[in-house]
Amino acid sequence: MASSQSYVSFAMEQMAGAGTITYRRMFGEYGLYCDGKYFGVICGDRVLVKITPAGEALLPDCPRGIPYEGGGEMFLPDVEDRETLTELVRVTCAALPERKPRKKAAKKEGYHGQD
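So, here's what we can say about the structure.

## Describing the pattern of salt bridges
Side chains carrying opposite charge are able to pair once their charged atoms draw close together.
Thought 1: Considering all chains together, one arrives at three salt bridges under this definition.
Thought 2: Two residues, Arg-90 and Glu-87, come together in a salt bridge whose shortest N-O distance is 2.8 Å. Of this pair, Arg-90 and Glu-87 both sit in helix α3 (residues 82-95), three residues apart, roughly one helical turn.
Thought 3: For Arg-90, a relative accessible area of 37% corresponds to the partly exposed category.
Thought 4: Of the residues examined, Glu-87 reaches a relative accessible area of 29% and is grouped as partly exposed.
Thought 5: Through salt bridges with shared partners, a single network forms among Glu-56, Arg-64 and Glu-73.

This is the structure in structure tokens:
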């Protein structure tokens, strides 16, 4: 079941204190980013957050779920608990590696449209 836009808006509002939260449509659901760093998904009107040692230390008993068939296990936090959700996103993103800059594509050798 695809997530509703109203749920996405609610979840984004709940996490807003963690940083600049954005999303990107992915395979009919939503990838979540905090300050440009990918940290989780919204699938089936559920927020799932990557598991990190920092997240486990914060919420050792947090339920877990799988976002989609074939996906890896992720935290399934209580979205209603704004403070805990915000802190989970904050510590998770702090524990994740920085994004690597994209490499520019090399120009291809060969035919350039001239004879």
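Additional details are given in the paragraphs that follow.
## Quick notes on α3
Two residues of an α-helix separated by three or four positions point the same way, owing to the 3.6 residues in each turn.
Thought 1: Between the first and last C-alpha of α3 there are 20 Å, a value that for 14 residues agrees with the 20 Å anticipated at 1.5 Å per step.
Thought 2: All buried positions along α3 are accounted for by Leu-85, Thr-86, Leu-88, Val-89, Val-91, Thr-92 and Cys-93.

## A word on the packing of helix α1 (residues 5-15) against α3
Thought 1: Close contact between α1 and α3 brings their axes to 8 Å; oriented N to C, the two are set at 75°. Looking at the two axes, α1 sits roughly perpendicular to α3. Where α1 approaches α3, its residues Glu-13, Gln-14 and Met-15 are matched on the opposing element by Arg-82, Leu-85, Thr-86 and Val-89.

The rules behind each value
- Positions within a chain are numbered from 1, following the residues in the order the chain's sequence is written.
- Local features in a predicted model are, by the rule used here, given only for residues with pLDDT of at least 70; side-chain atom pairs are given and counted only at 80 or more, and totals for whole chains, interfaces and linings are based on all residues.
- Excluding hydrogens and water, the side-chain values take into account all heavy atoms of the structure.
- Counted as salt bridges are all cases of a side-chain nitrogen of Lys or Arg within 4 Å of a carboxyl oxygen of Asp or Glu.
- Only DSSP runs of H or I with at least four residues qualify as helices, and only runs of E with at least two residues qualify as strands; both kinds are numbered from the N terminus onward.
- To sort residues, take the accessible area from a 1.4 Å probe on protein chains only and compare it with the maximum for the residue type: under 20% means buried, over 50% means exposed, and anything in between is partly exposed.
- Any helix carries an expected span of 1.5 Å times its number of residues minus one.
- Helix axes are fitted only over the stretch in contact, all axes being lines through C-alpha atoms; the angle between N-to-C directions runs from 0 to 180 degrees.
- Note that the term roughly parallel is reserved for angles under 35 degrees, roughly antiparallel for angles over 145, roughly perpendicular for angles of 65 to 115, and oblique for everything else.
- Residue contacts are defined here by distance: any two heavy atoms, one from each residue, within 4.5 Å place the two residues in contact.

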